[in-house]
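So the chains spell out like this:
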Amino acid sequence: MRYISTRGQAPALNFEDVLLAGLATDGGLYVPENLPRFTQEEIASWAGLPYHELAFRVMRPFVTGSIPDADFKKILEETYGVFSHNAVAPLRQLNGNEWVLELFHGPTLAFKDFALQLLGRLLDYVLEKRGERVVIVGATSGDTGSAAIEGCKHCENVDIFILHPHNRVSEVQRRQMTTLFGENIHNIAIEGNFDDCQEMVKASFADQSFLKGTRLVAVNSINWARIMAQIVYYFHASLQLGGPARSVSFSVPTGNFGDIFAGYLARNMGLPINQLIVATNRNDILHRFMSGNQYVKETLHATLSPSMDIMVSSNFERLLFDLHGRNGAAIAGLMDSFKQGGGFSVEQERWTEARKLFDSLAVDDAQTCETIAEVYEQTGELLDPHTAIGVKAARECRRSLDIPMVILGTAHPVKFPDAVQKAGVGKALELPTHLSDLFERDERCTVLPNDLKAVQAFVSQHGNRGKPL
Ligand SMILES: *Cc1c(COP(=O)(O)O)cnc(C)c1O
């Protein structure tokens, strides 16, 4: 499989190189040159497969030429073997034909484990083969950091540095990162906000001289391997609900548009999907585009669903590329005008096409709390605030009660006690067994000033399993 850039000016890469690349050299994002397409018979024949075997069948075309089948199978079996639920991604019924796909049974209790457990193992496999080492520098406002560290903690060939804003992530989220020790794990608390952290990561990609030749790898969802891993659970859910003979709808709590873009790809690969609902919080740039053809940057609001607090959705460029007939020059132009003026609209027919593919809703904090309380009362299920946004949007945007509606359950409620408390649900939140002593564990973290040079000096002093690069 070959991968091309959404801006059309960077060289095509194979899977191995796309795994190790961040942004393309032209500033674009990599996408498969040709999407594989499965027949209904083929998809139907996968019913009842264990998760890792389904994952092998769905993802195999994407890695062909880079990873032999036997090795890929082994990696996938290991990856999904660390999940604490036998079904890996179980479906739980809320109402008649309404289901939550529980994607929070991985080590860090959010769906990001599906991709980052795999990414860590893929990186180590490819690097071992090449005899190379890499450094990861990532920024997190919460879930990505812990999932990335968990995914890379056993990697022999990766040193990982995760920047988080000092005193601005929840205690559970911080402890999930800082209580993991290893000579290749480095937590840095920046005396600044999340944007400051993210700017430092961007600046480090732009000028990598401080790495003395070591390659820098991206772990955010611009990395194609993350999107690829997320396609699998759309197939998994559908097969459990009578697909592909029957069509299924999905409502997806959305921030950077990575998770729902995977659903869009699943549909293009032959999975019958009826509706794809973009569920956002008050940071609603995607809802404003879907409802009014305005992709315009606004100020950031802190909400009860912090993992969806974004001003722009990085993966949206991948959809725009398809909407524009895969014309890289057109995308480069749009992104330029976004950078200059902070917004754009697309031509009417392209927007109409987008509206055929997606419905959307923005849900504020008060509605989020109402939904948590309502669902708890109706079913006894306690939702995390992100999943609650998905449920609210599913209920508002649903077109047919006969078609099963699957809401992606993106996190475990124990990660977001504030929202649960504000919702007035009196149920005690308990950490799962593997994290039950989280609050007693020792922490390891370095606090650094909001200063790029200081951070880069720290990375070059510790980037080789704790020793200088
Ligand atoms: C990351 C995250 C999201 C948003 O996913 P995107 O792929 O960025 O759209 C939603 N919910 C939770 C809990 C998350 O951690």
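Residues numbered from 1 in each chain as written. Predicted model: local features only at pLDDT ≥ 70, side-chain atom pairs only at ≥ 80, totals over all residues. Heavy atoms only, no water.

Participant: What is the right way to look at the nonpolar core in this model?
Facilitator: The nonpolar side chains of soluble globular proteins are, as a tendency, buried together. Residues Phe15, Tyr80, Tyr234, Phe235, Phe250, Phe358 and Val406 are the most contacted members of the largest nonpolar core, which totals 110 residues. Looking at this core element by element, the count peaks at twelve residues for helix 9 (residues 224–240). Here this core spans two domains, since at least three of its residues come from each of domain 1 (3–111 + 223–421) and domain 2 (134–213 + 439–461). The contacts of Tyr234, once residues within four sequence positions are left out, are Phe250, Val252, Asp259, Ile260, Ala262, Gly263, Ala266, Leu271, Ile273, Leu276 and Leu408. Among the nonpolar cores identified, the runner-up in size contains 25 residues, and Val363, Cys369, Ala388 and Ala419 belong to it. (Core = buried A, V, L, I, M, F, W, Y, C linked by side-chain atoms within 4.5 Å. Buried < 20%, exposed > 50% of the residue type's maximum accessible area, 1.4 Å probe, protein only. Helix = DSSP H or I, 4+ residues; strand = E, 2+ residues; numbered from the N terminus. Domains from an automatic or database assignment. Contact = heavy atoms within 4.5 Å.)

Participant: What should I look at first to understand the side chain of Thr6 in this one?
Facilitator: If you trace the backbone, Thr6 turns up in the loop between strand 1 (2–5) and strand 2 (13–14). Note on Thr6: relative accessible area 0%, which makes it buried. Polar contacts involving the side chain of Thr6 include one to the side chain of Glu317, which spans 2.7 Å. With near-sequence residues (within four places) excluded, Thr6 lies in contact with Gly28, Leu29, Val31, Glu317, Arg318, Phe321, Gly328 and Ile331. (Polar contact = N/O pair within 3.5 Å; in protein donor to acceptor, adjacent residues only side chain to side chain.)

Participant: Help me out: how do you make sense of the site of the ligand in this one?
Facilitator: Around the ligand, the structure places 15 residues, and the nearest of them are Lys112, Asp143, Gly255, Asn256 and Asp259. At 2.5 Å, a side-chain N or O of Lys112 approaches an oxygen atom of the ligand. Between an oxygen atom of the ligand and a main-chain N or O atom of Gly255, the distance comes to 2.8 Å. In isolation the ligand offers 390 Å² of accessible surface; the protein chains occlude 96% of this area. When grouped by side-chain class, the residues that make up the shell around the ligand number five nonpolar, seven polar and three charged. (Near = heavy atom within 4 Å. Areas by Shrake-Rupley, 256 points an atom, 1.4 Å probe, with all protein chains shown as cover. Nonpolar A, V, L, I, M, F, W, Y, C, P; charged D, E, K, R; others polar.)

Participant: Honestly, unusual backbone geometry in this entry has me stumped. Any pointers?
Facilitator: Glycine aside, the phi torsion of most residues is negative, and most peptide linkages are trans. Omega for the peptide link from Gly243 to Pro244 comes to 0°, which places this bond in the cis form. Among the secondary structure elements, Pro244 is positioned in the loop between helix 9 and strand 10 (248–253). A positive phi is found at Leu109, a non-glycine position, where the angle reads about 65°. Under the relative-accessibility criterion, Leu109 is labelled buried at 2%. The residue Asn167 is not glycine, and still its phi comes out positive at about 65°. Assignment of secondary structure puts Asn167 in the loop between strand 7 (158–165) and helix 7 (171–178). When its relative accessible area of 65% is taken as the criterion, Asn167 is described as exposed.

Participant: Would you mind showing me how to read the domain arrangement of the protein here?
Facilitator: The parts lose accessible area when they come together, and the size of an interface is often stated as this lost area. As assigned here, the protein comprises domain 1 (3–111 + 223–421) and domain 2 (134–213 + 439–461). Look at where the C-alpha atoms of domain 1 and domain 2 centre, and you get two points 25 Å apart. With twelve residues of domain 1 in contact, the opposing surface of domain 2 contributes twelve residues. Across the domain 1 to domain 2 interface the summed buried area is about 920 Å²; carbon plus sulfur atoms make up 54%. Summed over the shared surface of domain 1 and domain 2, the number is one salt bridge. Remark: the boundary between domain 1 and domain 2 carries four residue pairs in polar contact (both at pLDDT 80 or more). Looking at the side of domain 1 that touches domain 2, its residues break down into eight nonpolar, two polar and two charged. (Buried area = accessible area lost by both parts, 1.4 Å probe. Salt bridge = Lys/Arg side-chain N within 4 Å of Asp/Glu carboxyl O.)

Participant: Just to check I follow, could you spell out the UniProt feature "modified residue: N6-(pyridoxal phosphate)lysine" (unreviewed entry) in the protein for this structure?
Facilitator: Within this structure's numbering, the places UniProt gives as "modified residue: N6-(pyridoxal phosphate)lysine" (unreviewed entry) are Lys112. Mapped onto the secondary structure, Lys112 falls in helix 5 (residues 112–130). Lys112 gets classed as buried once you look at its relative accessible area, which sits at 11%. Contacts of Lys112, omitting those with residues within four sequence positions, involve Asp143, Thr144, Ala147 and Arg226. (UniProt positions renumbered as here; feature names shortened; annotations may be inferred.)

Participant: Quick question: what am I supposed to make of the pairing of strand 4 (residues 91–95) here?
Facilitator: Regular strands show a simple pattern: their side chains alternate between the two faces of the sheet. Of the strand pairs in this sheet, strand 4 and strand 5 (residues 98–102) are connected by four bridges, and their pairing is antiparallel. From the neighbouring strand, Asn95 faces strand 5, where its bridge partner is Glu98. Taken together, strand 4 and the strand that follows it, strand 5, pair antiparallel across an intervening segment of two residues. (Pairing = 2+ DSSP bridges.)

Participant: Please explain the sheet that holds strand 6 (residues 134–139) as it appears in this structure.
Facilitator: Sheet strands pair by backbone hydrogen bonding; their relative direction is either parallel or antiparallel. With parallel pairing, the five strands of this open sheet are ordered in space as 9-6-7-8-16. The open sheet has two free edges, formed respectively by strand 9 (215–217) and strand 16 (446–449), since each of these has just one partner strand. Averaged over all pairs of adjacent strands, the angle between strand axes in this sheet comes to 30°, irrespective of strand direction. Two elements, strand 8 (residues 185–191) and strand 16, share four bridges in a ladder whose sense is parallel. The residue of strand 16 that forms the bridge with Ala189 is Val447. (Axes fitted to C-alpha atoms, helices over the stretch in contact; angles between N-to-C directions.)

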